[in-house]
Structures are given as structure tokens and as C-alpha cells.
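# Examination of the molecular architecture
Here's the letter readout for the chains.
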Amino acid sequence: MCPAPRPTAVQPVLDRPAATHWEFPRSVAGISLLLDFAREHDVPRSAVLRGVGLDESLLSDAAYVVPAAVELAVLGNLSAALGSRDALGLELGSRYHVTAFGILGYAFISSRTVAEAMSLALRFLDLSHIFTVPEVDVRADEVAVALRAVDLPEHLARFLVERDVAAIHTVLSELVPGGVPFTSVELAFPSPPRTAPYSDVLGVVPRFSAPRTVLRFSAEHLPRPLPHANPHSQAMAERLCRDVVSRRRGRSGVTEQVRVWITRNLVHDTSMAGAAQGLAMSQRTLRRRLAESGTGYQALLDEVRQALAEEMLDTGVLSVEDVAQRLGYAEASSFIHAFKRWHGATPTQYRFRRTRPAARGSAG
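Described in the following lines is the structure provided in the data block. All of these numbers come straight from a predicted model, not from anything done at the bench. (Residues numbered from 1 in each chain as written. Predicted model: local features only at pLDDT ≥ 70, side-chain atom pairs only at ≥ 80, totals over all residues. Heavy atoms only, no water.)

### Concerning the pairing of strand 6 (residues 213-218)
Heads up, the condition is: Accessible area is worked out with a 1.4 Å probe on protein chains only. A residue is then buried under 20% of its type maximum, exposed over 50%, and partly exposed in between. Secondary structure elements follow DSSP: runs of H or I no shorter than four residues count as helices, runs of E no shorter than two count as strands, and numbering proceeds from the N terminus. Strand pairing follows a simple DSSP-based rule, namely that at least 2 bridges must link the two strands.
For strand 6, the tally of buried residues reaches six of six residues, placing the bulk of the element in the interior. Both strand 4 (residues 142-148) and strand 6 contribute to a ladder of six bridges, which runs antiparallel. Bridge assignment links Glu142 to a residue of strand 6, and that residue is Ser218. Relative to strand 6, strand 5 (residues 184-186) runs antiparallel, the two sharing three bridges. Looking at the pairing, Val185 lines up with Leu215 of strand 6.

Rendered as C-alpha cells:
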């Protein structure tokens, strides 16, 4: 008689990442963390915020969000100010404690198991600070978390990968007593002169120059219960996460980021090249992502210009020439031609039509 087969453990199924690119709005809390890190290293705030165009008074508003390109610009300034230090990204990533994730971090802590916390992280990925794209593969005895550097600026890619690797390690280590130790780490960049900082932070000696960046740990950690699990608190936190992410997703995406960039830069630069640089991507990537959203750069430029033109003309204060200049037109004639294409009338005719009913009402 054949022996009965040993039962195999059924591993939890984790959610798929909610975002497949880093271009999602982010809380200014992430920038505040970067400023704290800069202060610890004697880097002035002005150097970190140079050229970012962020009102510092908004940094205390936890509900305020910024385009991903703004946080990326801050990270770029920080990296440039600190120079090429070994494992700088790991040092920064170690500061991303569970509490750095706001309501999402509270949802982590109150989850029942490690697997449930990881599913939340993936489901609400666009409430995190991550810039790499995670792909999680759960096998019978192992969990592999691959991190892809998608469309990241080449000079920041390693820094951001290091930061995200260390941040993941930090959060996992805080969820359960003893943490969730990595069994191996593969990094898709060359070995630095000193590897000790990597093993000190990650607990293992990484394999460098790997085909891709992958973090591995034993699947036996997935069902581990969390010490502060609370179903009621977790349900409340998850509901708040859904509310926040619903509002953000409603105004997220590359099209909204381009609209914001155009509005801020109309007087100085209306080029697609300028927009791509301001959003930290190549023109090719920007063109592709806009096409995926069913639009193009010129269409968004016209959309913003048309809306602002109507607002400016309705005030009755600015001349047609002033409006044209504020919308980034070199000549008023170009603006007039575009406006006729939008409305079938010149700006002067449009303004007359808008003000005539009011004039008639006052005359009566």
C-alpha cells in the first residue's frame, strides 16, 4: 500500500501591484522625510528644494500631494548634494519606518498576518513612496520580490533601487518580532568598493551585477501573525486608504501631471522637451504614455490654453495681447488664430458675446 502523500501548505495569494509605474501623486510627507535626512547630513533645505517650485508652507499639510516628478527632483538634489557615498540609498531607505507611510502604515500594523500586510502594500502601492515597480512571486517555500527600475533617470536609478530595497527590509523587520530576514538579495548593478554596508543593512551579502534586482525570503513568514493585529482597526484603516487613493487616482496619471506642468510654465516654456525634462522622463516616454492615455502633448497644451484664455478674457481686465503673452504665444496673431479654431470667433468677438447679455440686462 502506497503511503499517503504529505499535505502541502497552501500559500496565501497576494494582490497585484496597483501601479505599474512610479508616476502617481505623493504625499508631501515623503519630501519632509528627505529634508530631515538632508538636515542630518548638514545639507541646506534650499539645496534640496532648489528648482522644485514647492511652497514650503505646504510641507506641514499631510493631505497635500505633489506629482511624482517633484519628489524625484528633490531626490535628485539630495543625491547631488551628498555625492557618491557608498550605499547612500540604503542609508536613506532605512529611515522609511512603518510610521512613514501614514494611514497605510497603520493598516500594515493592524493586519492579521505578514501576507495580509504585503497584500495591502501592493493594493495601495500608490500610497507609498516607492519608485521601483515590484513584482511578487510566491512559491511553495519562497517569496521573491523583484524590483524593476522603469523609466528612472539613469543617474538616480541605483540610488532609488537601494532606497526601496532598504525601505522594504525596514518595514518587514518592524512588522513581527525578529523581522522577516532575507535569504538572498540580488542587485542589478556592479559591486561597490565596500560591500559591508549592504550586509550590515540587509543581513546578507548581496550578489551584484545580477540580471535583475530580487529580494528573497522564506514563505513560512507569510502566515505569521502580527503582534498588533486588530480586525476593527485594520478595516477602518483600509477604508481610509480606499478613500484617499480614490481621490488621488481621480486626478493622477501622466495627463494630469502634464496639465499641471503646462499651467506652471506657460510663460517660460511650452515645449514637449521642456515638459519631459520637468517630469523626469524622455520625450519618447512622455509621447508613449500620453498615447496610452488617448491624448497627445499638443492636445493638452491647447486644452490648458483654451481654458485659461476663457478665464482671462472673462475678467475684462487683460488685453488680447496680454492674454497671448501669458499663454506663451510669441505673437498675438498666433493666439487669435488658435482661438478662432477653438471657438469659431476671435477673442474680441468672444468677449463681446460674453459681455453683451450683461449689458442688455443692465440697460433694461
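### Details of the sheet that holds strand 6
Threshold: With axes taken as lines fitted to C-alpha atoms, and helix axes fitted only over the stretch in contact, angles between N-to-C directions fall between 0 and 180 degrees. Contacts: residue pairs with any heavy atoms within 4.5 Å of one another.
Spatially, the four strands line up as an open sheet ordered 3-4-6-5, and their pairing is antiparallel. Pairing within the sheet leaves two strands with one partner each, and these edge strands are strand 3 (133-138) and strand 5. Taken over all neighbouring pairs, the strand axes of this sheet differ in orientation by 15° on average, direction set aside. Contacting strand 4 and strand 6, helix 7 (residues 154-175) crosses the sheet at an angle of about 15° to strand 6.

### Side note on the pairing of strand 3
Consecutive residues of a regular strand have side chains that alternate between opposite faces of the sheet. Pairing between strand 3 and strand 4: six bridges, direction antiparallel. Paired with Val136 across the bridge in strand 4 is Val145. Here strand 3 hands over to strand 4 after three residues, the two strands then running antiparallel side by side.

### Observations concerning a nonpolar patch on the surface
To be explicit about the condition: Residues forming no salt bridge and having over 30% relative accessible area are the ones grouped into patches, like charges within 9 Å of each other and nonpolar side chains (Val, Leu, Ile, Met, Phe, Trp, Tyr) within 5 Å. To measure how exposed things are, a 1.4 Å probe is used in the Shrake-Rupley method; for residues, cover is taken only from the protein chains shown. Think of a salt bridge as a Lys or Arg side-chain nitrogen and an Asp or Glu carboxyl oxygen that are within 4 Å of each other.
Together, Tyr106, Met236 and Leu240 give the surface a local cluster of nonpolar side chains, amounting to about 240 Å² of exposed area. Here Met236 is to be found in helix 9 (residues 231-250). Look at Met236 and you get partly exposed, because its relative accessible area is 35%.

### A word on unusual backbone geometry
A positive phi angle, close to 60°, is found at Asp151, a residue other than glycine. Examined against the element boundaries, Asp151 turns out to sit in the loop between strand 4 and helix 7. Overall, the relative accessible area of 26% leaves Asp151 in the partly exposed class. In the Ramachandran plot, Ser209 falls in the positive-phi region, its phi being about 55° despite a non-glycine side chain. Tracing the chain through its elements places Ser209 in the loop between helix 8 (196-202) and strand 6.

Honestly, that's just the spatial picture; any functional story needs more than this.
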